[in-house]
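Survey of secondary and tertiary structure
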Amino acid sequence: MPIQTDIPWTKFEEGNLNVEVVPAVNISGWNIRLTTSKRFGGSSGLIVKSCASGYNDVSGINVTNGVGGKFSVRLYTSNTSGLDYGCFATVIERLDSGSRSTITEGFLILLP
């Protein structure tokens, strides 16, 4: 069962969103994707970040402690500059060949 969490974030802010898989499991070699859209189940990814096995931090996700289940998602000013203030559905998933499982989901809350 994924953990529900809301993420307050100031629009135009740049930084890392640190994520920890609970209970801690080894995420080394995982393919991970963050997708932010207007609503859950929406088809348009307003913000999409990913990390493929062996390609750490190429597209915004960096595994910081694989054995401890920790990774960070880099958000840039450009990721939020075109969005209105408010709540956006955000899902972080583990992607495997032929399947996917949700690590966490909630709302990215853009603040002024």
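To be clear, the structure that these remarks concern was listed above.
In this report, the structure presented in the accompanying data block is examined. This structure is a prediction, so every number in the text was calculated from the model and none was measured.

Moving on, we come to the sheet that holds strand S8 (residues 70-75). With antiparallel pairing, the three strands of this open sheet are ordered in space as S3-S8-S7. Whereas interior strands pair on both sides, the edge strands pair on one side only; in this sheet they are strand S3 (15-20) and strand S7 (61-65). Between one strand axis and the next, the sheet turns through 30° on average, direction left out of account.

With that settled, the discussion passes to the pairing of strand S5 (residues 47-52). Here S5 shows a clear split, with Ile47, Lys49 and Cys51 buried on one side and none of Val48, Ser50 and Ala52 buried on the other. Here strand S4 (residues 31-37) runs beside S5; their pairing, made up of five bridges, is antiparallel. Across the sheet, residue Arg33 finds its bridge partner in S5, namely Ser50.

Okay, the packing of aromatic side chains next. Under the definition given, this model contains one aromatic pair. On the basis of an interplanar angle of 70° and a centroid distance of 5.2 Å, the ring pair of Phe40 and Phe107 is categorised as edge-to-face. Taken as a pair, Phe40 in the loop between S4 and S5 and Phe107 in strand S10 (residues 99-111) lie far apart in primary sequence, 67 residues in all. A cation sits over an aromatic face here: Lys11 above Tyr85, 5.0 Å from the ring centre.

The rules we used
- Residues numbered from 1 in each chain as written.
- Predicted model: local features only at pLDDT ≥ 70, side-chain atom pairs only at ≥ 80, totals over all residues.
- Heavy atoms only, no water.
- Pairing = 2+ DSSP bridges.
- Helix = DSSP H or I, 4+ residues; strand = E, 2+ residues; numbered from the N terminus.
- Axes fitted to C-alpha atoms, helices over the stretch in contact; angles between N-to-C directions.
- Buried < 20%, exposed > 50% of the residue type's maximum accessible area, 1.4 Å probe, protein only.
- Phe/Tyr/Trp six-rings, centres within 6.5 Å; stacked < 30°, edge-to-face > 60°.
- Lys NZ or Arg CZ within 6 Å of the ring centre and 35° of its normal.

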